Amino acid sequence: MAIISGSFAQTKTTEKIVYKDAKAPIDQRVSDLLKRMTIEEKAGQLNQLNGGLFTGPAAKDAGQKTKMQQLRDGKVGSFLNVLGAKETKAVQKIAVEESRLGIPVLFGFDVIHGYRTIFPIPLAEACSWDLKQAEKNSAVAAKEASSAGINWTFAPMCDITNDPRWGRIMEGIGEDPYYGSLLSAARVKGLQGNLNDVEHIMACVKHFAVYGAVEAGREYNQVDVSRVMLWNKYLPPYKAAVDAGAATVMNSFNVFEGVPASGNKYLVHDILLKKWGFKGFLVSDWSSFSEQINHGYAADRKDAALKAIQAGSMMDMESKVVIDFLPQLVKEGKITVAQVDKAVARILYYKFKLGLFDNPYKFSDEERENKTMFTDANRTEARNAAKSSIVLLKNTNNVLPITSPTKRLALIGYYAKSKEDMFDFWIGNGTANDAVTIYDGLKNKLGESAINYAAGYNADGTTNDDLINAAVKSAYDADVILVNVGISGKMAGEDRALANPVIPDGQIQLLKALQKTGKPVVALVTAGRPLILTKINDLVSSIAYCWILGTETGNAIADVVTGAYNPSAKTVVSFPYAVGQIPVYYNHFNTNRPDPTDDAGNWFSRYRDIPNDPLYPFGFGLSYTTYKYSDLTLSSNTIAKTDKLNVKITVSNTGKVDGEEVVQLYIRDITASIIRPVKELKAFQKIALKAGETKELSFTLTGKDLSFFDADGNAKLEAGAFKIFVGGNSKDVLEKDLTLK
Ligand code: BGC
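Residues numbered from 1 in each chain as written. Predicted model: local features only at pLDDT ≥ 70, side-chain atom pairs only at ≥ 80, totals over all residues. Heavy atoms only, no water.

### Notes on the pairing of strand β19 (residues 645-653)
Reasoning step 1: Counting buried residues along β19, eight of its nine residues qualify, which places the element largely inside the surrounding structure.
Reasoning step 2: Looking at chain direction, strand β17 (residues 627-634) and β19 are connected through six bridges and run antiparallel. Directly across from Tyr627, in β19, lies its bridge partner Asn653.
Reasoning step 3: Pairing between β19 and strand β22 (residues 694-701): eight bridges, direction antiparallel. In the strand pairing of β22, Ser652 is matched with Thr694. (Buried < 20%, exposed > 50% of the residue type's maximum accessible area, 1.4 Å probe, protein only. Helix = DSSP H or I, 4+ residues; strand = E, 2+ residues; numbered from the N terminus. Pairing = 2+ DSSP bridges.)

### Observations concerning the domain arrangement of the chain
Often, the extent of an interface is quoted as the loss of accessible area on bringing the components together.
Reasoning step 1: What the domain assignment lists for the chain is domain 1 (376-581) and domain 2 (627-740).
Reasoning step 2: Computed from C-alpha coordinates alone, the two centres of domain 1 and domain 2 are separated by 34 Å.
Reasoning step 3: Tallying the contact residues gives four residues for domain 1 and nine residues for domain 2.
Reasoning step 4: A buried area of about 460 Å², summed over both sides, lies between domain 1 and domain 2, and 37% of it is on carbon and sulfur atoms.
Reasoning step 5: For the domain 1 face of the interface with domain 2, the top three residues by lost area are Asn566, Ser568 and Lys570, together amounting to 89%.
Reasoning step 6: Our enumeration of links across domain 1 and domain 2 arrives at one salt bridge.
Reasoning step 7: One salt bridge in this structure joins Lys570 and Glu661, with 3.0 Å as the shortest N-O distance.
Reasoning step 8: The interface formed by domain 1 and domain 2 holds five residue pairs in polar contact (both at pLDDT 80 or more) in total. (Domains from an automatic or database assignment. Contact = heavy atoms within 4.5 Å. Buried area = accessible area lost by both parts, 1.4 Å probe. Salt bridge = Lys/Arg side-chain N within 4 Å of Asp/Glu carboxyl O. Polar contact = N/O pair within 3.5 Å; in protein donor to acceptor, adjacent residues only side chain to side chain.)

### As for the pattern of salt bridges
Reasoning step 1: Counted according to the given criterion, the structure contains 33 salt bridges.
Reasoning step 2: The partner of Arg168 in a salt bridge is Glu494, with the nearest N and O atoms 3.4 Å apart. Taken as a pair, Arg168 in the loop between β4 (152-153) and α8 (177-192) and Glu494 in the loop between β14 (480-486) and α19 (505-515) lie far apart in primary sequence, 326 residues in all. Neither residue differs from the other here; Arg168 and Glu494 are each classed as buried.
Reasoning step 3: Overlapping salt bridges bring together Asp110, Arg168, Glu171, Lys206 and Glu494 as one network.

### Concerning the environment of Val205
Reasoning step 1: Note that Val205 resides in strand β5 (residues 204-208).
Reasoning step 2: For the pair formed by Val205 and Ala185, sequence separation is 20 residues and the distance between their alpha carbons is 9.8 Å.
Reasoning step 3: For Val205, the residues in contact, after removing those within four places along its chain, are Pro156, Cys158, Tyr238, Ala241, Val242, Ala246, Thr248, Val249 and Met250.

### Concerning unusual backbone geometry
Reasoning step 1: For the peptide bond that leads from Lys206 to His207, omega is 0 degrees, which places it in the cis range.
Reasoning step 2: With respect to the helices, strands and loops of the structure, His207 is situated in strand β5.
Reasoning step 3: With an omega of 0 degrees, the peptide bond between Leu400 and Pro401 qualifies as cis.
Reasoning step 4: You will see that Asn398, though not glycine, has its phi angle at about 45 degrees, which is positive.
Reasoning step 5: Along the chain, the position of Asn398 falls in the loop between β11 (391-395) and β12 (409-412).

### Examining the sheet that holds β19
Reasoning step 1: Reading across the sheet, the three strands line up as β17-β19-β22 and stay open at both edges, with antiparallel pairing between neighbours. Each edge of the open sheet is held by one strand with a lone partner, namely β17 and β22. If you compare each strand with its neighbour and ignore which way they point, the axes differ by 20 degrees on average. (Axes fitted to C-alpha atoms, helices over the stretch in contact; angles between N-to-C directions.)

### Observations concerning the state of the cysteines
Reasoning step 1: According to the stated counting rule, one finds zero disulfides in the structure shown.
Reasoning step 2: This cysteine, Cys204, is not joined by any disulfide, and Cys158 carries the nearest cysteine sulfur, 9.1 Å off.
Reasoning step 3: Under the relative-accessibility criterion, Cys204 is labelled buried at 0%. (Disulfide = S-S within 2.5 Å.)

### Things to note about the sheet that holds strand β3 (residues 106-109)
Reasoning step 1: If you trace the five strands from one edge of the open sheet to the other, you get β4-β3-β2-β1-β10, paired in parallel fashion. The open sheet terminates on both sides in strands that have one partner only, identified here as β4 and β10 (316-317).
Reasoning step 2: In terms of strand pairing, strand β2 (residues 78-80) meets β3 through three bridges, oriented parallel. Paired with Phe79 across the bridge in β3 is Phe107.

### Quick look at the packing of helix α12 (residues 301-311) against helix α13 (residues 321-331)
Reasoning step 1: Running from N to C, α12 and α13 point in directions that differ by 80 degrees, and their axes come no closer than 9 Å. What the angle tells us is that α12 and α13 run roughly perpendicular. Contacts between α12 and α13 involve Arg301, Lys302, Ala305, Leu306 and Ile309 from the first element and Val321, Val322, Asp324, Phe325, Leu326, Gln328 and Leu329 from the second. (Parallel < 35°, antiparallel > 145°, perpendicular 65-115°, else oblique.)

### Brief notes about helix α10 (residues 265-275)
Reasoning step 1: Every buried residue of α10 is listed here: Tyr266, Leu267, Val268, Ile271, Leu272 and Leu273.
Reasoning step 2: Its side-chain oxygen at 3.1 Å from the backbone nitrogen of Tyr266, Asn264 defines the N-terminal cap of α10.
Reasoning step 3: Just beyond α10, the residue with positive phi is Gly277, at close to 65 degrees.

As structure tokens, then:
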């Protein structure tokens, strides 16, 4: 008897709890855990709460228990905005030690371009055309964030946009789907690695989908795009990021075909989950589930939860409709347990995959946090990234670089000395104090006595006679005038839409006064978007477009200004000629009456007051040297659909200094069953060329590069005439004809 009860007791105490067994396969651990969970606990896994700073309107919390009590009750699967090893550890302790099943929480945060060491804004980084550097930048961001307990970032943003009025253009990839796809994938790889160590974190592909097409660039505005545009223009970068293994995807705020993205079955279920086979999990954007009510699509909060879950959406960021209504919806038979389990299983999978069940505090390590933040190595990467993001748009008489040590510089501009303006809105856990201003950077390089500084304008871009006179006075003592114009860094990011993305009038007045000194004027433009530069273009000799470069701004700009670094960036967005031209982008369609080049006649698709072309086109950027393109050759002028086409081009550095050039290959499908853009980027190479050096480059195109999507998302490769172009920007190219049989 004793033996029997002994053996019974033994069986009981050694019963294996599979989900707690680190050696069991993840799938088994997930299904074991699911079996033990109540429907309320499952809803809890789909609930994400804000733990710190707000990046959206506060949801109604009335009558709810404190967040930590909700966590204890198993009603929170993830927090966003809880930062720091100490803080995340304390919160995690409640989840794993005080909740019934001890399920760890995920900590998400917007690490958009760095956690503590702040890199250039993503749009600027994109202009480097350096995918390896972009991957490295994301890896540094992940390393810093992960040491502060963060295991999930809401990046990269893969939204194509053509609208500089939209404040979030700064967060993205520019206007090209091909390049945007490569860049999005590189960013995912940098953030995630193989997701099997403590230095990488989950990425989140956002905002799915078509958020960049908000009408008139106004934040949270309506979107209305066709399926043809969806497939060909907007979806490729999200798809590339998903294919790169992104663990999560975020719904967007906007509608597609009249249905909010969070409740949009076509986007979420049909495309993302079914057609693309995405295996990770989805998170809503901030309260985007409940905002379906404002859109006029969901009747109330319960209906919002139903519509989101039915579409295939999963975790609810901050609208709390899932935690409040999912159990009821299941009881009423409107949502099945199987549907819920599918979503919860994916979230649990990643908690296991990250190792949180076996070592819940692995990301919250104060010692590592202290060692990892803002190191010299991280700052070096940020400086490399920043200097390779600066686009030289104009450089008459080679005013830049300023190589002579005897030249005196005037540095004018309020922002040039404002640490805060080296940053935008999305600065992770960066602090303005860390930033090297333009003034500091030049001073570090040239010494304080080489620079006469004057503000020239106020923080808001306005000016007055005193400010202008003081600026002109410092300019008279100088050989070259550097003027930092643009708009405050704080005007870049979410909810920073501008109807007029222009250089402020006060700064134009200032430039006019400075121009009268007769000295060369260099504009260093800082902004999180391409501003309309038409009014200043003729007032200055040189324009270096510096975007927002983050912590190392000043050092990077000093590298470029002094020629220590030869600019190699090319813009990934067109610079509009005027506001009325927006949207303007290189990969537009031809229209029935294209603008005639010879300017003759009437009844063409054009403006009467301005050119059709942007001021600076996609892919454009100068260097301190010059390049010559010659000998474009195709392996054949006619190919079959299964053939490969080899394209050769010779590029020479015809100037006096070494440089790097982004060689771009575009195609045009002349006639197709669905009209195709006048140019589409299909390949590029960033190459180093020593002064006087010539290189022959070779590109290979396949049928995939010549194909497009129909409205149902099927790839089409159609016989007919094509053009192949190669050049240093989207406008100045050599071309050849190709026939596809
Ligand atoms: C933004 C997202 C962001 C989220 C969390 C939202 O307002 O649209 O991009 O990840 O807030 O901060």
